[in-house]
Amino acid sequence: ELVAVYTTADRLPEAELWARLAEALLARTGYPPARRAALALNVGWLRLRLGQNDSARALLREAVDRFRQAYGAQAPDVLPPMQALCQLEDGADRIGCFEQALSFAKVALGPRHPEVASILNNTAAFLLDNPDGVPRACASLEEARDILARAAEPGSVVLLSTLSNL
């Protein structure tokens, strides 16, 4: 968890230190799959922030596999590394990846879950990079807005971002 905290705070050298310490601790405990998955996810995000895309991709794929091993193929814990992997894709592959994550989220969490809205919002952001994607982006944002109107706090970041993108 401290790897994620320091990565989010943009204190990347400290995040690297905590990643090494967490790895050593996991080695002593026999690498429990769920803990190993969480570390792979957090270090994957760190590597993504550092621009080490190949390392990030390998760690995020490991996180997906280990979360599935620990909790099952349809476990919601699989979703964060799936979405992070989407950020490493380009063009149509990125959109396809987000659409796959969206389908997974609708099954794992339910079609009206706020995380579904977040994925719709992320997908729309990339669709807006291409003029041909604007109609699909608008449809995604409208769906996200409808979900968030029922589920989110009025000032939530995701809701405000969705409204801003619309």
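If you're wondering where the values come from, they're calculated on a predicted model, not measured in any experiment.

**Q** Honestly, unusual backbone geometry in this entry has me stumped. Any pointers?
**A** If a residue is not glycine, its phi is most likely negative; likewise, a peptide bond is most likely trans. Phi is positive for Asp10, which is not a glycine, with a value near 60°. Residue Asp10 is classed as partly exposed on the basis of its relative accessible area, which comes to 49%. Unlike most non-glycine residues, Tyr31 shows phi in positive territory, near 55°. With respect to the helices, strands and loops of the structure, Tyr31 is situated in the loop between α2 (12-29) and α3 (33-49). Residue classification places Tyr31 among the partly exposed positions, given a relative accessible area of 35%.

**Q** Would you take a moment to explain the pattern of salt bridges for this structure?
**A** Think of it this way: side chains of opposite charge can pair up when their charged atoms draw near. Taken as a whole, this structure holds 10 salt bridges when the rule is applied. A salt bridge links Arg36 to Glu23, with the nearest nitrogen and oxygen atoms 2.4 Å apart. Of this pair, Arg36 sits in helix α3 while Glu23 sits in helix α2, and the two are 13 residues apart along the sequence. Exposure remark for Glu23: the relative accessible area of 27% places this residue in the partly exposed category. For the salt bridge of Asp146 with Arg145, the shortest nitrogen-to-oxygen distance reads 3.4 Å. Owing to a relative accessible area of 34%, Asp146 belongs among the partly exposed residues under this scheme. Where salt bridges share partners, they join Glu23, Arg36, Glu62 and Arg66 into one cluster.

Reading guide: rules and limits
- Residues numbered from 1 in each chain as written.
- Predicted model: local features only at pLDDT ≥ 70, side-chain atom pairs only at ≥ 80, totals over all residues.
- Heavy atoms only, no water.
- Buried < 20%, exposed > 50% of the residue type's maximum accessible area, 1.4 Å probe, protein only.
- Helix = DSSP H or I, 4+ residues; strand = E, 2+ residues; numbered from the N terminus.
- Salt bridge = Lys/Arg side-chain N within 4 Å of Asp/Glu carboxyl O.

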